[in-house]
Structures are given as structure tokens and as C-alpha cells.
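As a plain string of letters, each chain reads:
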Amino acid sequence: MSKQPDARMWGGRFQEQTDEFVEAFTASVEFDQRLALVDISGSIAHARMLHKIGVLNDQELNAIQQGLATIQQEIEQHQFVWSIKLEDVHMNIEARLTQLIGDAGKKLHTGRSRNDQIATDIRLYLRQEISHCQQLIRQFQQGLLDLAEQHAQTIMPGFTHLQVAQPITLGHHLLAWFEMLERDHGRLAGCVKRLNVMPLGSAALAGTSYPLDREYTAQLLEFSSASRNSLDAVSDRDFAIEFCADAAICMTHLSRMAEEMIIWSSAQFDFITLSDRYCTGSSIMPQKKNPDVPELVRGKTGRVNGHLISLLTLMKSQPLAYNKDNQEDKEPLFDTIDTLQGSLRAFADMVPNIQVNQEAMYQAAKQGYATATDLADYLVNKGLPFRDAHEVVGNAVAYAIDQRKDLSECSLEELQQFDDCIGPDVFDLLTLEGSVNARDILGGTAPDQVKFQIAQCRQLLK
Ligand code: ARG
């Protein structure tokens, strides 16, 4: 039985048309068109390699390169017509290429399958987007260092259990955020290292009988190597899972910062004021200024965690090699990229511009008996065992609470009721300044340490 040529690129063996619903159900072009530019880069590299090994002649290579450049332009200018009938980004571009340049376009797919093509495209795309995430992290870290420098001496309460624990400097607190981001940056670098391996040449699953120069294509696309095993290269999406895990951890860090900024900007704390640009009001309560951006970032952490679980579940138990399941990797991955980049961008811009209410921070540290540990350390230095010192200070704090004053506001006589080895030098430590200055140890909160840490962090960003 003879048939009409088929619009579907794989239509040769089919007698019936695909059900229209199934066509739409299986198509990915609505979301994978995001890969168009990396798909074109991959195709150009593949074509140059085919030319190098003699599969394409000079004219054919030229035509392909020019055709792909035209297509790129059409896409960038939103003139390209995407068709669901052509299923995905790969076949849309290839069909247009053949329309533009004729038979040479049909030779491009020599020694290639959509399976190694998509596995390559996602790697190229993710590599580029990870680099963007890393730039945003760096920008945010830079802003944190500048703010930390301004507040190396600014005293605030440090918390455990969200109860005032010991005085710290705001600079020290901000440097803790810096460290979280530094590890996030490093995790992303590790992810790129593992994903930067080129699948092209794996073809559908088993490799190809054409003598492709895979090393050459890898070099053109700046991959560190060509994959060693074709079955693995076309099928595994562990690199996408790894990125989502890294993104989930980074979002978790951002959510912690978000939470603190939300608490700090509340009327009850009043530690900071967020710029109006990052807040909105209430349609019913005229007095409200809501910290929307930090709240959204905190909330968006949930969807990134969800995407990680989606990808893990997608990959779980898949037999080798490629399965169509993998088409489902894209939406979670793309949304993870968008969410992480958006959140980083918002914080990189917002956080360095927060206004700090130093007086409120100072008063809060003072009210929480934050220097009680310093009094205990003082007694230990005078020869008391730490447990006894703990008990003595507990009694002193109970007394001060009763008198409604801070330890530093008690007189020497009052303090001596609890232990007579307490001398006038105790007041150097009972002040908040004395307390933070005393923690002049590597990693500690003393202003001198904070300045030292900032200098070290600046080196990392160089
Ligand atoms: N759209 C597919 C994906 O995202 C491309 C690979 C399709 N390969 C195939 N044999 N159907 O994974």
C-alpha cells in the first residue's frame, strides 16, 4: 500500500494518523522551545563535525549554518512558527531548516538521535543557567559583605530558640548568611563539573556506526569530555536532580534569611526597615506594610523542594536506556531555575538596602540578660567551677528580673550578694560591648574578628 509522505518525521512506519489528543498530550514543544538556542548551538557543532569527517561538503555545511542562523533570528524576533504537530523543539527546528535549505537540512541528523540531542541540550542549557545562578549568588554575597562592614560593631541580640541568648554583632550575623551562600556556590560548581560531559554520538542508545569525531564536537561545545557510555549518557538525568537538590538547599537558606527579615521588620522587633520597593500594603488595613518579597521567597522554597521530589520520582526505577518519562524533566527543572534566579535576584537587590535600626537592636540585646554567660565566665576565671558559676548567675538574673533592671545596672554591692569574689572589673564584661569584644576568637563575633572575616571573604570573591 503506497502512502502520502508524512508530516511526522517518524511517520514512515505508521499507517494511521496520530490521535489529535495524543498528539497534544505527547508534544513538548510548548515548554522545550526554551532550549531552542542551545539546540541550534548543538546542531552547528554536530554539522561542523560531520563536515570534518566528510559527511557534509562545504556547501552543505554553509547552508546548514546559514539556515540555523536564520532560524535563530526568527526565534529571537518571535517570528518562528512553532507547531505541535512537530512534537518538540528538535523537530520544529529541523523541519524549518529543511524548508529553508532543502536536502542539506535532511543530512543534519546523520549519526544523531533526539535522545542524545536532548540529553546534550539540557546539559548545555543548565550549564549556562547555573553560571547565571552563581553570578547572582556572588552579587548577593558582595552586598552582604558591604553591609557587614558597615555593621561590624553594631550590636544585636543573638538568639537560640528565638530567645535572646548572647549579644552578637550584626556584621557577624550577615557573615553567617554569606557562608551559606558560599557553600551553595560551591555545590553548583560541583554540579557543573559532573554534568559537563557530552552525550552526542550516543545516538539513540547504542552509539552510531558513523565514524563521528566525538572529541571534536565536545571541544566545540566546550564540554570537558565526550561521554564514556552511551546508554548512561542518553538516559540519566541525575545532573538535573543534583541541580534541583542544590537549588532546594539554596532556597532553604534563602527561606531562613527571609524568615529573619520578616521577624526583624515586624513592629514587635523593629530591627530593620525594608525599602518600600519590596513591600506592599493591605487593601483594608491602611497602616500595613507587608514584607511580601521575603514572604514569597520563603513560600517559593516549597515548590523547589517539590520539583526535586518530582525529578527523583521521575527517574526512580527507569530501566535503561531512554524512556519518554524523561520528557517530564523539563518543567520542574525550568521552574526551579526561574524560581532560584528570581529569589536570588530579589535578595541581592533588597538585602544590602535594608535600613538598620541600631538602637532597637541594642535595646533588645540589653533586655534579654544577654551577658549572663559573661558573668559566669568571669566567675570561672575567679576560680569557681562552671556549674557553680551557672547557679550563681541564675540567682543574680532572677534578682535583676525582679528589680526590672539589666545585670549591668545592678550595683557592685547588689552583685556581691551572690558571690563575694565579684569585683568592680565585672562591669567591663557586663556591658554589651565588653561581651562582644571578649569573643575575639577565630569565627567569633568580636568586631575585630568580623573585620578579619570580611577581609577573608573578599578574597574568596576575587
Ligand atoms: N522531547 C523528548 C524529551 O524531552 C526528546 C527525545 C525524544 N526521543 C524520543 N525517542 N521520543 O525527552
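Our subject is the structure that appears above.
Just so we're clear, the structure is a prediction, and the values are computed from it rather than from any experiment. (Residues numbered from 1 in each chain as written. Predicted model: local features only at pLDDT ≥ 70, side-chain atom pairs only at ≥ 80, totals over all residues. Heavy atoms only, no water.)

Quick look at the nonpolar core now. By size, the foremost hydrophobic cluster in this structure holds 83 residues, and its most contacted members are F140, W177, F243, L254, M257, L344 and F347. Of all the secondary-structure elements, those providing two or more residues to this core are helix 3 (36-52), helix 7 (114-150), helix 8 (170-195), helix 11 (238-264), helix 12 (292-315), helix 13 (330-350), helix 14 (358-367) and helix 20 (447-461). The element best represented in this core is helix 11, accounting for 15 residues. Apart from residues lying up to four places away in sequence, M257 is in contact with F140, W177, M180, L181 and F347. (Core = buried A, V, L, I, M, F, W, Y, C linked by side-chain atoms within 4.5 Å. Buried < 20%, exposed > 50% of the residue type's maximum accessible area, 1.4 Å probe, protein only. Helix = DSSP H or I, 4+ residues; strand = E, 2+ residues; numbered from the N terminus. Contact = heavy atoms within 4.5 Å.)

At a minimum axis separation of 11 Å, helix 7 and helix 11 run at an interaxial angle of 20 degrees. Considered as vectors, helix 7 and helix 11 are oriented roughly parallel to each other. Helix 7 and helix 11 meet at a crossing whose hand is left-handed. Touching A119, I122, R123, L126, I130, C133, I137 and F140 of helix 7 are F239, A240, F243, C250, L254 and M257, all from helix 11. Tallied by class, residues from the contact of helix 7 with helix 11 come to 13 nonpolar, no polar and 1 charged. (Axes fitted to C-alpha atoms, helices over the stretch in contact; angles between N-to-C directions. Parallel < 35°, antiparallel > 145°, perpendicular 65-115°, else oblique. Left-handed = near helix turned anticlockwise from the far one by under 90°. Nonpolar A, V, L, I, M, F, W, Y, C, P; charged D, E, K, R; others polar.)

What follows is about the pattern of salt bridges. Side-chain pairing between opposite charges can occur once the charged atoms of the two side chains come close. Going through the model one piece at a time under the given rule, you end up with 24 salt bridges. Ionic pairing is found between R194 and E242, a salt bridge with its closest N-O pair at 2.6 Å. Here R194 is found in helix 8, whereas its partner E242 is found in helix 11, with 48 residues between them in sequence. Between D276 and K289 there is a salt bridge whose closest N-O contact spans 2.7 Å. Residue D276 is located in the loop between strand 5 (272-273) and helix 12, and its partner K289 is located in the loop between strand 5 and helix 12; the two are separated by 13 residues in the primary sequence. The exposed category is assigned to D276, whose relative accessible area is 60%. Shared partners join several salt bridges into a network, and the residues in it are E87, D88, R114 and K324. (Salt bridge = Lys/Arg side-chain N within 4 Å of Asp/Glu carboxyl O.)

Contacts to the ligand come from S28, D32, D88, H90, R114, N115, I118, Y322, Q327 and K330. One of the side-chain nitrogen or oxygen atoms of S28 is found 3.3 Å away from a nitrogen atom of the ligand. Contacts to the ligand include Q327, whose side-chain N or O atom sits 2.8 Å from a nitrogen atom. Isolated, the ligand exposes 340 Å² of accessible area, and the fraction of that covered by the protein chains is 86%. Classifying every residue of the shell around the ligand gives 2 nonpolar, 4 polar and 4 charged. (Near = heavy atom within 4 Å. Polar contact = N/O pair within 3.5 Å; in protein donor to acceptor, adjacent residues only side chain to side chain. Areas by Shrake-Rupley, 256 points an atom, 1.4 Å probe, with all protein chains shown as cover.)

Once that is clear, we can look at a nonpolar patch on the surface. Among the surface-exposed residues, F21, V22 and F25 lie close enough to one another that they form a single nonpolar patch of about 350 Å² accessible area. Among the secondary structure elements, F21 is positioned in helix 1 (residues 20-26). F21 sits in the exposed class, given a relative accessible area of 57%. (Patch = residues over 30% accessible without salt bridge, like charges linked within 9 Å, V, L, I, M, F, W, Y side chains within 5 Å.)

Where helix 3 meets helix 5 (residues 89-101), the axes come as close as 10 Å, and the angle between the chain directions of the two elements is 60 degrees. In terms of axis orientation, helix 3 runs oblique to helix 5. The chirality of how helix 3 crosses helix 5 is right-handed. Taking contact as the criterion, the partners of A36, D39 and I40 in helix 3 are, on helix 5, V89, H90 and I93. A per-class count over the contact of helix 3 with helix 5 returns 4 nonpolar, 1 polar and 1 charged.

For the bond running from L320 to A321, omega is 0 degrees, close enough to zero to count as cis. With respect to the helices and strands, A321 occurs in the loop between helix 12 and helix 13. With a phi close to 55 degrees, R404 is a non-glycine residue in the positive phi region. Take R404: it is sitting in the loop between helix 16 (386-403) and helix 17 (412-416).

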